[in-house]
Amino acid sequence: MRVYVPLTLSGLAAAHGAGEVGPGPGPLTAYAVTPGLREWYVSDDIEELEYAALSRAAAASLRMIAGDPGEARRRVVVAVDVPEGAAVADPDQGLSAASLGEVRIAAPLPLAKAAAVHVDADEAEEDVAAAAAALGAADLGDDDARFTVDGAEDHELLWFGVQEIPQLIG
């Protein structure tokens, strides 16, 4: 099963230094193609479903950025293949929009086993910064703020191999 782990650039640097991603205090939160995500997305195309999970992780990365004013304004998602059963969806969440595709992972994930790292291009930084600043208002229903947040989501994350992490964090 492929999971998408939301991070920040400083989180990626810490994972690179440790050689693994998570878990910190408590289990690691990631995103994957879960039954709830399949039902919500109404598609059998695995590539579309994985893109939806990646997008959910990118949104979680944006929330991490919004919570840290000193963080670089570039979303980061690490894609890792884990054994079946290693990633567990919370059955109590059901089809809660806030937790679609969300899974918990109890053990650290070796960074060397990552399939890819997805990061915003430099050109996205301004829109990601604006989205991070507008996130709270968007959550409260402000349509203009939601439009600003959507502006960051218009940027596709770029694909990088694990061997390229030193250039990304350097």
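See above for the structure.
None of these values were measured; they are calculated from a predicted model.

Student: Looking at this structure, I do not really get the overall build of the chain. What am I missing?
Tutor: Broken down by element type, the chain carries six helices and nine strands. Seen through its principal axes, the chain has C-alpha atoms that stretch 40 × 40 × 30 Å. Sorting the 170 residues of the chain into buried and exposed places 42% on the buried side. Summarising the internal contacts of the chain: among those between residues at least 6 apart in sequence, 78% fall at separations of at least 24. Accessible surface, the chain: about 8700 Å² in total, of which carbon and sulfur atoms supply 53%. Averaged over its 10 positive side-chain charges, the chain has a centre that lies 5 Å from the centre of its 29 negative ones.

Student: Looking at this structure, how should I read helix α3 (residues 46-66)?
Tutor: An α-helical segment advances 3.6 residues per turn. Residues three or four places apart therefore align on the same side. The first and last C-alpha atoms of α3 sit 30 Å apart over 21 residues, in line with the 30 Å expected at 1.5 Å per residue. Those residues of α3 not exposed but buried are L49, A52, A53, L54, A57, A58, A60, S61, L62 and I65. Between the side-chain oxygen of the N-cap and the backbone nitrogen of E47 there are 2.9 Å, and the N-cap of α3 in question is D45.

Student: I would appreciate a short explanation of the pairing of strand β8 (residues 114-119) in the present structure.
Tutor: A regular strand places its side chains so that they alternate between the two faces of the sheet. For β8, a buried count of five out of six residues is recorded, marking the element as mostly surrounded by other parts of the structure. In terms of strand pairing, strand β4 (residues 76-81) meets β8 through five bridges, oriented antiparallel. What sits directly across from A79, in β8, is A116. Pairing geometry for β8 and strand β9 (residues 158-160), over three bridges, is antiparallel. Bridged to H118 within β9 is W159.

Definitions and cut-offs
Residues numbered from 1 in each chain as written. Predicted model: local features only at pLDDT ≥ 70, side-chain atom pairs only at ≥ 80, totals over all residues. Heavy atoms only, no water. Helix = DSSP H or I, 4+ residues; strand = E, 2+ residues; numbered from the N terminus. Buried < 20%, exposed > 50% of the residue type's maximum accessible area, 1.4 Å probe, protein only. Contact = heavy atoms within 4.5 Å. Areas by Shrake-Rupley, 256 points an atom, 1.4 Å probe, with all protein chains shown as cover. Lys, Arg positive; Asp, Glu negative; His and termini not counted. Charge placed at Lys NZ, Arg CZ, Asp CG, Glu CD. Expected span 1.5 Å × (residues − 1). Polar contact = N/O pair within 3.5 Å; in protein donor to acceptor, adjacent residues only side chain to side chain. Pairing = 2+ DSSP bridges.

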